[in-house]
Amino acid sequence: MNQPDLSVVFPVYNEEENIPLLLREIAAALEGRGWTYEIVAVDDGSTDRSLAVLREQRARYPMLRILALAKNTGQTAALDAAWHAAQGKLIVSLDADLQNDPADIPAMITKLEESGADMVAGVRVNRRDTWSRKMQSRIGNGVRNWITGDDITDTGCSLKLVKREAIDRVRLFTGMHRFLPTLVRYAGYRVVEMPVNHRPRQFGQSKYGAMNRAFRGLADCFAVRWMGKRMLNYRVAEDGNAARE
Ligand code: UDP
Ligand code: MG
């Protein structure tokens, strides 16, 4: 297969009602734009019919590739599998629950090209979650940036577009999908932000509660800060062996 221009990737954990609608929206957003693309769906050990639904949808969407993790391993693991499987020059990730809007993808590609950056991170301007969820995010973003020394507005927004070489350099750990822009910056790449649409969850349930988000997140902040300090950040100025031959 020739390398597609774009890979659209999403993790799936019990999202059976959302999948057909999501695929239709992705195809509608990318149709007729002259880009080649693939869709990579990673089933993260769903216990509903998500995997069966994905397989059914392949007849309609031949560009759909399906990966299934052996058991539920978490959003970062599913995304990591997706990024490794993806073959596109650019990779865009989003949630499978229709809260992100695939219609934002073309503008994100334009933003990447015009800014010359390596990653475009979405900012949910009209956030459609409960008041308490929004409050948790606001505190979460503040604490994360304070500890890691970054200034990312909305790290929890899953809609992100990134060049393949930038994502290839980032090593992920459980829970670290929330720090992706910071980790990409640590690796020496440029990240810009742009406002994106956000919608309420219509089908299925959020997989997170306040507690697993807050406490695990705090430990992760310190781990990311440590990584930033210890990152191997060197350029080879001269290579004696390369000159010979
Ligand atoms: N997800 C996953 N594995 C998990 C938990 C979540 O693949 O163990 C997926 C989920 O199906 C969705 C995305 O990660 O596509 C974000 O999850 P969710 O919408 O529950 O998070 P929230 O929007 O509430 O932060
Ligand atoms: Mg969601």
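Residues numbered from 1 in each chain as written. Chains lettered and ligands numbered in written order. Predicted model: local features only at pLDDT ≥ 70, side-chain atom pairs only at ≥ 80, totals over all residues. Heavy atoms only, no water.

Engineer: Please clarify how the packing of aromatic side chains should be interpreted in this entry.
Structural biologist: A complete count under the given rule lists zero aromatic pairs for this structure. Its end group placed over the ring of Phe 179, Arg 144 keeps NZ or CZ at 5.7 Å from the ring centre. A cation over a ring is seen here: Arg 178 above Tyr 208, with NZ or CZ 5.2 Å from the ring centre. (Phe/Tyr/Trp six-rings, centres within 6.5 Å; stacked < 30°, edge-to-face > 60°. Lys NZ or Arg CZ within 6 Å of the ring centre and 35° of its normal.)

Engineer: Sorry, what's going on with helix α1 (residues 18-30) here?
Structural biologist: Each turn of an α-helix holds 3.6 residues, which means side chains three or four residues apart point in the same direction. Taking 1.5 Å per residue as the helical rise, α1 with its 13 residues ought to reach 18 Å, and the 18 Å between its terminal C-alpha atoms agrees with that figure. All buried positions along α1 are accounted for by Asn 18, Ile 19, Leu 22, Leu 23, Ile 26, Ala 27, Ala 29 and Leu 30. In a view along the axis of α1, the buried residues occupy a sector of 165°, so they form one face of it. Opposite the buried face of α1, at more than 90 degrees from it, the exposed residues are Arg 24 and Ala 28. (Helix = DSSP H or I, 4+ residues; strand = E, 2+ residues; numbered from the N terminus. Expected span 1.5 Å × (residues − 1). Buried < 20%, exposed > 50% of the residue type's maximum accessible area, 1.4 Å probe, protein only. Arc of directions from axis to C-beta.)

Engineer: What exactly am I supposed to notice about the pairing of strand β2 (residues 37-43) here?
Structural biologist: The two faces of the sheet receive side chains in turn, since in a regular strand these alternate between them. Burial analysis of β2 places seven of its seven residues in the buried class, the great majority of the element. Side chains Tyr 37, Ile 39, Ala 41 and Asp 43 project from β2 onto one buried face, and the interleaved Glu 38, Val 40 and Val 42 project onto a second face that is buried too. The pairing of strand β1 (residues 6-12) with β2 spans seven bridges and is parallel. When the sheet's bridge partners are listed, Val 8 is paired in β2 with Ile 39. (Pairing = 2+ DSSP bridges.)

Engineer: Would you explain the coordination of the magnesium ion (ligand 2) in this entry?
Structural biologist: Each pair of donors in an ideal octahedron of six around a metal sits at 90 or 180 degrees, and each pair in an ideal tetrahedron of four sits at 109.5 degrees. For the magnesium ion (ligand 2), the full set of protein donor atoms is Asp 97 (OD) and Gln 99 (OE1), at a range of 1.9 to 2.3 Å. Neither residue differs from the other here; Asp 97 and Gln 99 are each classed as buried. (Donors = N, O, S within 2.8 Å, 3.2 Å for Na, K, Ca; no water.)

Engineer: Looking at this structure, I do not really get unusual backbone geometry. What am I missing?
Structural biologist: With the exception of glycine, the majority of residues adopt a negative phi angle, and the majority of peptide bonds are in the trans configuration. The phi dihedral of Asn 14 is positive, around 55°, even though this residue is not glycine. One can find Asn 14 in the loop between β1 and α1. Of the residues examined, Asn 14 reaches a relative accessible area of 18% and is grouped as buried. Of note in the backbone geometry, Leu 98 takes a positive phi value of approximately 70° without being a glycine. Its location among the elements puts Leu 98 in the loop between β4 (90-93) and α4 (105-115).

Engineer: Looking at this structure, I do not really get the packing of α1 against helix α2 (residues 50-57). What am I missing?
Structural biologist: Each pair of packed helices can be described by the angle between their axes along with the distance between the axes. The geometry of α1 relative to α2 is characterised by a closest axis approach of 9 Å and an angle of 35° between their N-to-C directions. By crossing handedness, the relation of α1 to α2 is classed as right-handed. Between α1, through Ile 19, Pro 20 and Leu 23, and α2, the contact on the second element is made entirely by Ser 50, Val 53, Leu 54 and Gln 57. Split by residue class, the contact of α1 with α2 holds five nonpolar, two polar and no charged. (Axes fitted to C-alpha atoms, helices over the stretch in contact; angles between N-to-C directions. Left-handed = near helix turned anticlockwise from the far one by under 90°. Contact = heavy atoms within 4.5 Å. Nonpolar A, V, L, I, M, F, W, Y, C, P; charged D, E, K, R; others polar.)

Engineer: How should the site of ligand 1 be read in this particular structure?
Structural biologist: Lining the immediate surroundings of ligand 1 are 18 residues, of which Glu 15, Asp 44, Asp 97, Ser 206 and Lys 207 lie closest. Ser 206 has a polar side-chain atom sitting 2.6 Å from an oxygen atom of ligand 1. Contact with the protein chains removes 93% of the 540 Å² of surface that ligand 1 exposes when unbound. (Near = heavy atom within 4 Å. Polar contact = N/O pair within 3.5 Å; in protein donor to acceptor, adjacent residues only side chain to side chain. Areas by Shrake-Rupley, 256 points an atom, 1.4 Å probe, with all protein chains shown as cover.)

Engineer: In this structure, what is going on with helix α3 (residues 75-85)? I would like to understand it.
Structural biologist: Burial of α3 is extensive: eight of the 11 residues sit out of reach of the surface. Listing the buried residues of α3 in full gives Gln 75, Thr 76, Ala 78, Leu 79, Ala 81, Ala 82, Trp 83 and Ala 85. Of the surrounding elements, those touching the buried residues of α3 are β1, β2, β3 (64-68), β4, α6 (164-168) and α7 (180-186).

Engineer: Please clarify how the nonpolar core should be interpreted in this entry.
Structural biologist: Most often, soluble globular proteins have nonpolar side chains that are buried together. Core analysis: the biggest nonpolar cluster contains 34 residues, and Leu 6, Val 8, Phe 10, Ile 26 and Leu 161 have the highest contact counts within it. Every element with two or more residues in this core is listed here: β1, α1, β2, α2, β4, α4 and β7 (191-196). Once you skip the residues sitting within four places of it in the chain, Val 8 turns out to touch Ile 26, Leu 30, Glu 38, Ile 39, Val 40, Val 92, Leu 94 and Ile 105. Counting 33 residues, the second-largest nonpolar core is a separate cluster that includes Ile 147, Ile 167, Val 170 and Leu 180. (Core = buried A, V, L, I, M, F, W, Y, C linked by side-chain atoms within 4.5 Å.)

Engineer: It is not clear to me how the sheet that holds β3 should be interpreted in this structure. Could you clarify?
Structural biologist: Strands pair in a sheet through their backbones, by hydrogen bonds, and they do so in one of two ways: parallel or antiparallel. One open sheet accounts for seven strands, arranged β3-β2-β1-β4-β6-β5-β7; its pairing is mixed. Edge positions in the sheet fall to β3 and β7, since each of these pairs with one other strand and no more. Recorded for the sheet is a direction-independent mean angle of 20° between the axes of neighbouring strands. Those strands touched by α2 are β1, β2 and β3, and its axis lies near 155° from that of β3.

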